[in-house]
Protein chains: 2
Amino acid sequence: MLPPELIAEFAAIVGAAHVHSQPAQLLAYSYDGTFQQRVPDLAVTPGSTEEVAAVVRLCARERLPMIPRGAGSGLAGGTIPVSGGVVISLTRLDRILETDRANRVAVAEAGVVTARLQAEVEAVGLFYPPDPASLNQSTLGGNAACNSGGPRCFKYGVTKDYVLGLTVVLADGRILRCGGKVLKNATSYQLTQLFVGSEGTLGVITELILRLRPLPRVRSTALALFERLDDASATVTAIVAAGILPATLELMDGTTIGVVEDYLGLGLPRAAEALLILEQDGNDEEVTAREVERMAALCREHGAVEVRIARTPAERNDLWQARRAVSPALGRLRPNKLGEDVTVPPAAVPALIQRVRAISEEVGLPIPVFGHAGDGNLHPNILFDRRRPGELGRVERAATAIFRAALALGGTLSGEHGIGTLKRDFMVEDVGPVGLDVMRAIKRALDPQGLLNPLKKLPPTDEPARSGFLSALPSLEGIIPDTGHPAFAEAGA
Amino acid sequence: MLPPELIAEFAAIVGAAHVHSQPAQLLAYSYDGTFQQRVPDLAVTPGSTEEVAAVVRLCARERLPMIPRGAGSGLAGGTIPVSGGVVISLTRLDRILETDRANRVAVAEAGVVTARLQAEVEAVGLFYPPDPASLNQSTLGGNAACNSGGPRCFKYGVTKDYVLGLTVVLADGRILRCGGKVLKNATSYQLTQLFVGSEGTLGVITELILRLRPLPRVRSTALALFERLDDASATVTAIVAAGILPATLELMDGTTIGVVEDYLGLGLPRAAEALLILEQDGNDEEVTAREVERMAALCREHGAVEVRIARTPAERNDLWQARRAVSPALGRLRPNKLGEDVTVPPAAVPALIQRVRAISEEVGLPIPVFGHAGDGNLHPNILFDRRRPGELGRVERAATAIFRAALALGGTLSGEHGIGTLKRDFMVEDVGPVGLDVMRAIKRALDPQGLLNPLKKLPPTDEPARSGFLSALPSLEGIIPDTGHPAFAEAGA
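Residues numbered from 1 in each chain as written. Chains lettered and ligands numbered in written order. Predicted model: local features only at pLDDT ≥ 70, side-chain atom pairs only at ≥ 80, totals over all residues. Heavy atoms only, no water.

### Some words on the overall build of chain A
Phase 1 of the analysis: A tally of helices and strands in chain A yields 15 helices and 18 strands.
Phase 2 of the analysis: At 22 Å, chain A has a C-alpha radius of gyration in line with the 23 Å of a compact globule built from 493 residues.
Phase 3 of the analysis: Surface accessibility of chain A: about 16,300 Å² in total, with carbon and sulfur atoms responsible for 51%.
Phase 4 of the analysis: Here chain A carries 50 positive and 56 negative side-chain charges, and the mean point of each set is 2 Å from the other. (Helix = DSSP H or I, 4+ residues; strand = E, 2+ residues; numbered from the N terminus. Rg over C-alpha atoms; globule rule 2.2 N^0.38 Å. Areas by Shrake-Rupley, 256 points an atom, 1.4 Å probe, with all protein chains shown as cover. Lys, Arg positive; Asp, Glu negative; His and termini not counted. Charge placed at Lys NZ, Arg CZ, Asp CG, Glu CD.)

### What to know about the interface of chain A and chain B
Phase 1 of the analysis: With 84 residues of chain A in contact, the opposing surface of chain B contributes 84 residues.
Phase 2 of the analysis: Summed over both partners, the interface of chain A with chain B comes to about 6,100 Å²; 59% of that surface belongs to carbon and sulfur atoms.
Phase 3 of the analysis: Of all residues in chain A, the largest losses of buried area upon contact with chain B belong to K184, T187 and Y189 of chain A, amounting jointly to 16% of the total for that side.
Phase 4 of the analysis: Viewed at the interface, chain B and chain A are joined by eight salt bridges.
Phase 5 of the analysis: Residue R174 of chain A is joined to D437 of chain B by a salt bridge in which the shortest nitrogen-to-oxygen separation is 2.7 Å.
Phase 6 of the analysis: The tally of links between chain A and chain B comes to 30 residue pairs in polar contact (both at pLDDT 80 or more).
Phase 7 of the analysis: When residues of the side of chain A that touches chain B are traced back to their parent elements, those giving at least two are β9 (175–179), α7 (191–195), β11 (213–214), α8 (229–241), α10 (285–301) and α15 (427–446) of chain A.
Phase 8 of the analysis: Of the residues forming the side of chain A that touches chain B, the biggest block, 13 residues, is contributed by α15 of chain A.
Phase 9 of the analysis: Residues that form the side of chain A that touches chain B fall into these classes: 38 nonpolar, 26 polar and 20 charged. (Contact = heavy atoms within 4.5 Å. Buried area = accessible area lost by both parts, 1.4 Å probe. Salt bridge = Lys/Arg side-chain N within 4 Å of Asp/Glu carboxyl O. Polar contact = N/O pair within 3.5 Å; in protein donor to acceptor, adjacent residues only side chain to side chain. Nonpolar A, V, L, I, M, F, W, Y, C, P; charged D, E, K, R; others polar.)

### Some words on helix α8 (residues 229–241) of chain B
Three- or four-residue spacings in an α-helix give side chains the same orientation, since the helix completes a turn every 3.6 residues.
Phase 1 of the analysis: Over its 13 residues, α8 of chain B extends 19 Å from the first C-alpha to the last, a length consistent with the 18 Å expected when each residue adds 1.5 Å.
Phase 2 of the analysis: G243 of chain B sits one or two positions beyond α8 of chain B and adopts a positive phi of about 80 degrees. (Expected span 1.5 Å × (residues − 1).)

### Considering the relation of the copies chain A and chain B
Phase 1 of the analysis: With an RMSD of 0.0 Å, chain A superimposes on chain B once it is rotated by 180 degrees and translated 0.0 Å along the axis. Taken together, the rotation angle and the small translation identify this as a two-fold axis.
Phase 2 of the analysis: A high fraction, 100%, of the interface residues of chain A reappear at the interface in chain B, so the copies pair face to face through one surface. (Least-squares fit on C-alpha atoms with pLDDT ≥ 70 in both.)

### Concerning the domain arrangement of chain A
Residues and elements named next belong to chain A.
Phase 1 of the analysis: Domain boundaries in chain A define domain 1 (4–89), domain 2 (96–214), domain 3 (218–323) and domain 4 (328–488).
Phase 2 of the analysis: The straight-line distance from the C-alpha centre of domain 1 to that of domain 2 is 22 Å.
Phase 3 of the analysis: Each partner contributes residues to the interface: domain 1 has twelve residues there, and domain 2 has 16 residues.
Phase 4 of the analysis: For the pair domain 1 and domain 2, the summed buried surface comes to about 1,100 Å²; carbon and sulfur atoms form 68% of the total.
Phase 5 of the analysis: On inspection of domain 1 and its partner domain 2, the count reaches two residue pairs in polar contact (both at pLDDT 80 or more).
Phase 6 of the analysis: Listed by contribution, the elements that provide at least two residues to the side of domain 1 that touches domain 2 are α3 (49–62) and β3 (66–69).
Phase 7 of the analysis: For the side of domain 1 that touches domain 2, the element with the most residues is α3, which contributes seven residues. (Domains from an automatic or database assignment.)

### Comments concerning the state of the cysteines
Residue and element names in this part refer to chain A.
Phase 1 of the analysis: Counted under the stated rule, the structure contains zero disulfides over all chains.
Phase 2 of the analysis: Between C153, a cysteine without a disulfide, and C146, which holds the nearest cysteine sulfur, the sulfur-to-sulfur distance is 13 Å.
Phase 3 of the analysis: The exposure class of C153 is buried, given its relative accessible area of 5%. (Disulfide = S-S within 2.5 Å. Buried < 20%, exposed > 50% of the residue type's maximum accessible area, 1.4 Å probe, protein only.)

### As for the nonpolar core
Phase 1 of the analysis: Grouped together as the largest cluster of nonpolar side chains are 202 residues, with contacts concentrated most on L117 of chain A together with L117 of chain B.
Phase 2 of the analysis: In this view, L117 of chain A contacts I96, A106, A108, V112, Y128, L140 and L210 of chain A; residues no more than four positions away in its chain are not counted.
Phase 3 of the analysis: Core analysis: the second largest hydrophobic core is formed by 26 residues, L6, V56, V86 and V169 of chain B among them. (Core = buried A, V, L, I, M, F, W, Y, C linked by side-chain atoms within 4.5 Å.)

### Section: the side chain of N377 of chain A
Phase 1 of the analysis: Structurally, the position occupied by N377 of chain A is in strand β18 (residues 377–384).
Phase 2 of the analysis: There is a polar contact of 3.0 Å between the side chain of N377 of chain A and the side chain of D341 of chain A.

### Some words on the packing of helix α1 (residues 4–14) of chain B against helix α3 (residues 49–62) of chain B
Residues and elements named next belong to chain B.
Phase 1 of the analysis: Two elements in contact, α1 and α3, have axes whose closest approach is 9 Å; the angle formed by their N-to-C orientations is 160 degrees. The orientation of α1 with respect to α3, classified from their angle, is roughly antiparallel. Between α1 and α3 lies a crossing of right-handed hand. Where α1 approaches α3, its residues L6, E9, F10, I13 and V14 are matched on the opposing element by E51, A54, V55, L58, C59, R61 and E62.
Phase 2 of the analysis: Its residues placed into classes, the contact of α1 with α3 shows eight nonpolar, no polar and four charged. (Axes fitted to C-alpha atoms, helices over the stretch in contact; angles between N-to-C directions. Parallel < 35°, antiparallel > 145°, perpendicular 65-115°, else oblique. Left-handed = near helix turned anticlockwise from the far one by under 90°.)

### Structural notes on the packing of aromatic side chains
Each aromatic ring pair is summarised here by two numbers: the centre-to-centre distance and the angle between the ring planes.
Residue and element names in this part refer to chain B.
Phase 1 of the analysis: Tallying each qualifying case throughout the model produces eight aromatic pairs over all chains.
Phase 2 of the analysis: Seen from their ring centres, Y128 and Y162 are 6.0 Å apart, and the 80 degrees between their planes marks the pair as edge-to-face. Of this pair, Y128 sits in the loop between β7 (126–127) and α5 (140–146) while Y162 sits in the loop between α6 (153–156) and β8 (163–169), and the two are 34 residues apart along the sequence. In this pair, the class of Y128 matches that of Y162, namely buried.
Phase 3 of the analysis: Ring centres of F403 and F426 lie 4.7 Å apart, and the angle between their planes is 65 degrees; on these two criteria the pair is classed as edge-to-face. Placement of the pair is F403 in helix α14 (residues 391–408) and F426 in the loop between α14 and α15 (427–446), with a sequence separation of 23 residues. (Phe/Tyr/Trp six-rings, centres within 6.5 Å; stacked < 30°, edge-to-face > 60°.)

### With respect to the sheet that holds strand β2 (residues 42–44) of chain A
Residue and element names in this part refer to chain A.
Phase 1 of the analysis: Taken in spatial order, the four strands of this open sheet run β1-β2-β4-β3, and their pairing is mixed. Sheet topology places β1 (19–20) and β3 at the edges, where each strand pairs with a single neighbour.
Phase 2 of the analysis: Bridge count between β2 and strand β4 (residues 86–89): three bridges; the pairing is parallel. Note that in β4 the partner of V44 across the bridge is I88. (Pairing = 2+ DSSP bridges.)

### Topic: the sheet that holds strand β10 (residues 204–211) of chain B
Picture the strands of a sheet paired through backbone hydrogen bonds; they go either parallel or antiparallel.
Residue and element names in this part refer to chain B.
Phase 1 of the analysis: An order of β5-β6-β10-β8-β9 is seen for the five strands of this open sheet, with the pairing classed as antiparallel. With partners counted over all chains shown, the strands left at the sheet margins are β5 (96–100) and β9 (175–179), one partner each. Going from strand to strand, the sheet's axes swing by 10 degrees on average, the running direction of each strand aside.
Phase 2 of the analysis: Where β5 meets strand β6 (residues 105–109), four bridges bridge the pair, whose relative direction is antiparallel. Note on β6: the bridge partner recorded for D100 is V105.

### Thoughts on the packing of α8 of chain B against helix α10 (residues 285–301) of chain B
All names here are of chain B.
Phase 1 of the analysis: Look at α8 against α10: their axes get within 9 Å of each other, and the N-to-C directions meet at 140 degrees. It follows that α8 is oblique to α10 by the angle criterion. Of the two elements, α8 crosses α10, and the hand of that crossing is right-handed. Note on element contacts: α10 touches α8 through M295, L298 and C299, opposite T235, A238 and I239.
Phase 2 of the analysis: Looking at the contact of α8 with α10, its residues break down into five nonpolar, one polar and no charged.

In C-alpha cells form, the structure reads like this:
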C-alpha cells in the first residue's frame, strides 16, 4: 500500500476515479492469461498520453516499478506485477483517431481492442490483418508490445509489419513520436521496431500508426486429413513451392484431432495424424476458388485421406468448427494447461511434433500440438491437473524439453506470445550471452532506473533455467480459476 | 598515415595483401555514389567474421574510427571516411553459404553482390525481391545497413522485411548472432531490425539470413501517359483500392518525360505530365495478364491519353526503355546531380511534385522527379553544373526546400538511401530532439567510444541545418568525376 499523499498525487494527475488502490480493485490488475497472479501496489487508468507521461514521471521520481497493461490477456506473464509497483492500464486510451483511406493508414490509441479497429476499417473496405486469437479482448498496444501474430500472419505478416509509427512514453516521462504515415523509411534507427515486441520494458506505447490493406472480397476454405504427419508437412511445402500463399495454413496434430473428436464427434478419423485448414482470400471469386482447389489437389496428391471444401459460409463455418473447438476440448481433458508458442524453421515442423510426442510419453502428460504450419509457429499445450502432487514438476520438465527441442532445431522460444516471466529464464539459451548483453545495454540506455516492467523478458542472470522455475512464479495457486478467464478459452491459438 | 608497427598489426590479422596503406590504394576507398571524397588512413579487407572482429578490437584499442564499407555505391555519403580512420571493406566476405530450399532462406556473407544472390536463388525457383537500382554493384550487407528498397518493394517490402537474422561485429569486437531461420520471432528485442538501417554506426554486419519467396513465373507490363499529374495519382489510388497489388508502380513526372524524350525520341507526348509503368507478376499467366488489363482500364478511366501493354519480352523491354533512360538522359542535361530520396504518405505524391516544380522555378535549376508512386518514395534529382559559380548554393536551397516540403507533408528524409552525411543535419527536423536523444542513447550503449562510422546519420548537435551544409562536405571537387562512377548511372533510381 502506498502512502495516501502519494496516492493523492496520482489522483491529481488522472482524477480520483482513475486511481485504484482498494484490494478488490487491485485484484482486477493482478493476473493475465496465464496462471500467475500478484496484486500491484496501485493501478491507474490515465486518459491521455500526457497523463501517462505525468504518471511515469511520478513513478520515476518515487522509483516505483511501472507495469504497462492492455487487456491483460497476455500468455507469458508480461503484465503480472511481480515486482509490485504501479500498473498503468491503457484501457481508457480507446479512441480510433483516424481512418485515413487515401493513405490506407489508421491512427489509434493503445487501448483500442483489436477487433474494434478491424471492424471499423473493414466498414470502409480496408483491412488490418493481424489476428491473435485474443483479438476480441486484446488491445493494439498490447499486440504491439508482444508482436502478436495469428493464423493470417503467414500471408500477411505479424503485428510488427503493420506498425508504421508509435507514440511512446519513455522511462523519464518524455514523449517520443517515431515513424509516420510512410511506407518506406530509411531515416532514423528503426525505433518503432525496437519498441514493438519489447513487452513494456523500454517504454509505454500510447498511440499507433497502423498500415492497412484493401479488404479482400472473397474467401474460400478447405480442410484435409492425413494419416501421416509427414504427408501433411510435405503438402505444406508443396503448396508454398507452387507459389500459393494461402491466407491460412493451420495444422492440428493427431492428439488434438482425438481430443476434438471426443468433444464434438465431428466424424474426424481417429487414425488421422494431422488436419490442415487451408484458406485463401482475394478479390476474384474464380481465382480464389481455383487456388483452394489447387491446394486440395496437392493434399490428395500427398496422401490426404479426406479433403472437404466449403462452398458456402455455413460450410466454411463447419470446417472451422474443429479448429475453434480445440481450446474448450482441451479444457475438458484436464483442468489446467500451459500453452506454448515455439517457432521452428518451417521444414522442422514434423521433427518438432515427433519430439513433443516423445516428451509427452516421457512425462506422462497429454501435449496436443496445433498452430500455424506455414510459418512454423506451433502451440504444444501441456495439459495437467495442478491439484495432483508432482504434476507441476512434470509440466516443467515437458516445457523445458520442448523449449530445448525447438532451439536444437534452429527455432526460437516464442513466435507470437512473447517471453514475459514464463520463458525468461530460457532467454540465454536462445539469444546467447552476447545477445543478452546487447539487450541489457539497450534496456539500461532507455530505462536506467530499471523501473519499466521489471523482471520481464530479461533474466537477472545468465544462468541456465533451474528446475522449479514454474513453481517459483507468483501465486500459481491464485484465486482466479484459469479456465474461467476469458483469455483462457482462446489461449495459445 | 598510421605508424608502420600498427599497420603490421593489421597485417598480422588479415594478411599483408589485405592491408591497403598506399595513397593509390586508399583512393579506392575514398568515395561513394555521391560527389564526396576523403581518403582514409588505412583500408583493410578481412576475409572472415573473425578477422573483422580482430580488426575491430585493434581499432577499439587504438581509438581509430572504423568505416564499414560494401561496394561504395551508397547515395548518402555513408561510407565516406570523413573522420579519417580505417575503412573495413567487406568485399572479400562474398560467399553464399546456403540456399535452404525447404525453409526458403538464404545465408550469405555481407560482401555478396545483391544480383549474384538473386541469380543463385532464382536458379532453384526462389526469389529475393529487394531490387535497389545498384543491385549489380551493391552488396547484401550494404543493402541491409541502408535498408535499401527498389521498384518491387511496394508489393514485396524493403530489405528489412527480408532480413531474418544477422551476424554483427560489435564495437568492442564481440560477435553477435541475432535472429534465425524463423519467420516469426517474439523472443528478443528486435535486434536484427535495430542493425538494419543503422548505416554501420552500431556494428559491422558480416553475415545475413535472408527470407526468400517462390519465384513468380510470369510477368506482364503496361505503360500509361497522362496529361494531368493528378489523374496519374488518382489512378494509383484506384489501382490499390481495387485490391490490386502491382509488382511495380513507377512514376515519371513531365520534366523527366521531356528529358528522356530529348534523349531517345521514343515518341512520348511532350504535353504529358506523368508516365506510369505498371507491372504485375504471378504464377498464372491469365490472372496476371488480367490484372494488368484491369490496371490499364483504370488508367484509361482516369484520363490516360495513351496506354501501351507489352505482349512479348521485347515489348516489355521497350516499355522499360523510358525508365532506364532516365539517368543517362539527366547526365546529358547537366554534368552534376543531387539525387534525392524523400518519402511522403502516398496521397501526398501530387502535392510534393507540385512543390518540387515550384522549387525548381524558384532556384532556376531543373529538378525532374521520378520514383515509386505506390509507396510515396520519390527521387527529385537536382541537376546542376558545379563549375558555375553560385550553382551549388542554389542546389542547397533546392534540397533544403524539398526536405522541408516532404516533412511538412508528413513524410521523411529518406525512403531507401539512408542519411549518411548528406541529410544528417536535417535529422532533428525529422525525428525531433527526443528521437535524436533516443538514437544517441542507443549509439552510446552499443558504441561508447563513438568509433563506428562517426559523423554519419546522427548530427553532432540539435541545431537546424545551416546554409553551406553541402559545400562543407569533404572534397566536393574531388578527382573522381561523378558521372563516371558506376553507381552514378543508376543513382537515385
